[in-house]
Each structure stands twice: as structure tokens, then as C-alpha cells.
Amino acid sequence: WVQNSYEAPNRVTFEFGETARISVFTLSAIAITLCLAVAVLLLIYRNHEMIKGISKLFSLMSILGFAITIGSANLFTSSKPSSAICSAEFWLPPLGITIALSALGAKTYRIHRIFTKTLNNPALLT
């Protein structure tokens, strides 16, 4: 601001072509469909011994987190971003990753506690 000659910075925007938008939407739709298919299979086979052993709740939470992260990719290709879309671009990817990785971390800690036998009451793990 030398001698009161301030010029506002230019606003930078990124525009994606229609092909890029369709590609991102198609790939994320396929990935979200796979997430939903895995979630449905987890619920269908919930009484199977293997599924009982992997803790359905944490598995579903990690699938939800990955689906949120994958779905947020569509926000970046939006043609007319509003303040809500910009906020969602900022918050949804870290939120999805946090949900997914915290569920995986909880599952890992649960397995650690089982194999180190430091748990006095095994009913606390369910």
C-alpha cells in the first residue's frame, strides 16, 4: 500500500470441462456403488462367523467415511460453486477420512487389546 495505491488481488477460479465432470461423476458413482454393495453384503451376512469377528459397526463406519470422501470429489467439479459448496469442499474430505481412519484405528486397538490380554472384562469389546 504505497501511497494509497492498493489493488485488490484477482480472483482465481478453476473450471473443469464437461468431460472431466462426467469422468469424475462416473468414477465416484461406481466407487459409491461398490461401498453400498459391501455395506449391504455386510448386513446380509451379519450372522456369518467371519463377519461377526470383524466388528460390523466399525466396518460400516469406515465404509461410510470412504463414501463421504469419494462423494466429495463431485463438489470440486461443480460449475457454479456457492459458499455452501466451498465449505463442503473444505470440510467433507477430512471428515470422511477422519471417520474412516478412526474406525480402522478402533478396530486395530480392539485387536491389540485381545492379543495382549490386558482386558479384564471381554464384554467391553462388543
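Everything discussed here concerns the structure shown above.
Residues numbered from 1 in each chain as written. Predicted model: local features only at pLDDT ≥ 70, side-chain atom pairs only at ≥ 80, totals over all residues. Heavy atoms only, no water.

Caption draft 1: Region of interest: the packing of aromatic side chains. In the structure shown here, the tally under the stated rule is one aromatic pair. Judged by centre distance (5.2 Å) and plane angle (90 degrees), the ring pair of F90 and W91 falls under edge-to-face. For the pair F90 and W91, a shared accessibility class is recorded, and that class is exposed. (Phe/Tyr/Trp six-rings, centres within 6.5 Å; stacked < 30°, edge-to-face > 60°. Buried < 20%, exposed > 50% of the residue type's maximum accessible area, 1.4 Å probe, protein only.)

Caption draft 2: Looking closely at the packing of helix α1 (residues 18-44) against helix α3 (residues 56-71). Taken N-terminus to C-terminus, the directions of α1 and α3 make an angle of 170 degrees; their axes are 9 Å apart at the nearest point. Compared by their axis directions, α1 and α3 come out roughly antiparallel. Facing α1, whose interface residues are S28, A31, I32, C35, V38, A39, L42 and L43, α3 presents K56, S59, L60, I63, A67, I70 and G71. (Axes fitted to C-alpha atoms, helices over the stretch in contact; angles between N-to-C directions. Helix = DSSP H or I, 4+ residues; strand = E, 2+ residues; numbered from the N terminus. Parallel < 35°, antiparallel > 145°, perpendicular 65-115°, else oblique. Contact = heavy atoms within 4.5 Å.)

Caption draft 3: Broad picture of the environment of V24. By secondary structure assignment, the location of V24 is in helix α1. With relative accessibility at 26%, the residue V24 sits in the partly exposed group. Apart from the residues lying within four places of it in its own chain, the contact partners of V24 are A73, N74 and T77.

Caption draft 4: Quick look at α3. In this model, α3 (16 residues) spans 22 Å end to end at C-alpha, consistent with the 22 Å of a helix rising 1.5 Å per residue. Of the positions making up α3, those classed as buried are S59, S62, I63, G65 and A67. Contacts from the buried residues of α3 go to α1 and α4 (83-116). (Expected span 1.5 Å × (residues − 1).)

Caption draft 5: Main features of the nonpolar core. Counting residues in each nonpolar core, the largest one holds six residues, listed as C35, A39, L42, I51, I63 and A67. The set of elements that each furnish at least two residues to this core consists of α1 and α3. Ranked by residues supplied to this core, first place goes to α1 with three residues. Not counting residues within four places of it along the chain, the set of residues in contact with A67 comprises I32 and C35. (Core = buried A, V, L, I, M, F, W, Y, C linked by side-chain atoms within 4.5 Å.)

Caption draft 6: How the structure looks around the pattern of salt bridges. Applying the stated criterion across every chain, the model contains one salt bridge. The salt bridge partner of E18 is R21, with a shortest N-O separation of 3.1 Å. Residue E18 and its partner R21 are both found in helix α1; the two are separated by three residues, about one turn of the helix. The partly exposed category is assigned to R21, whose relative accessible area is 22%. (Salt bridge = Lys/Arg side-chain N within 4 Å of Asp/Glu carboxyl O.)

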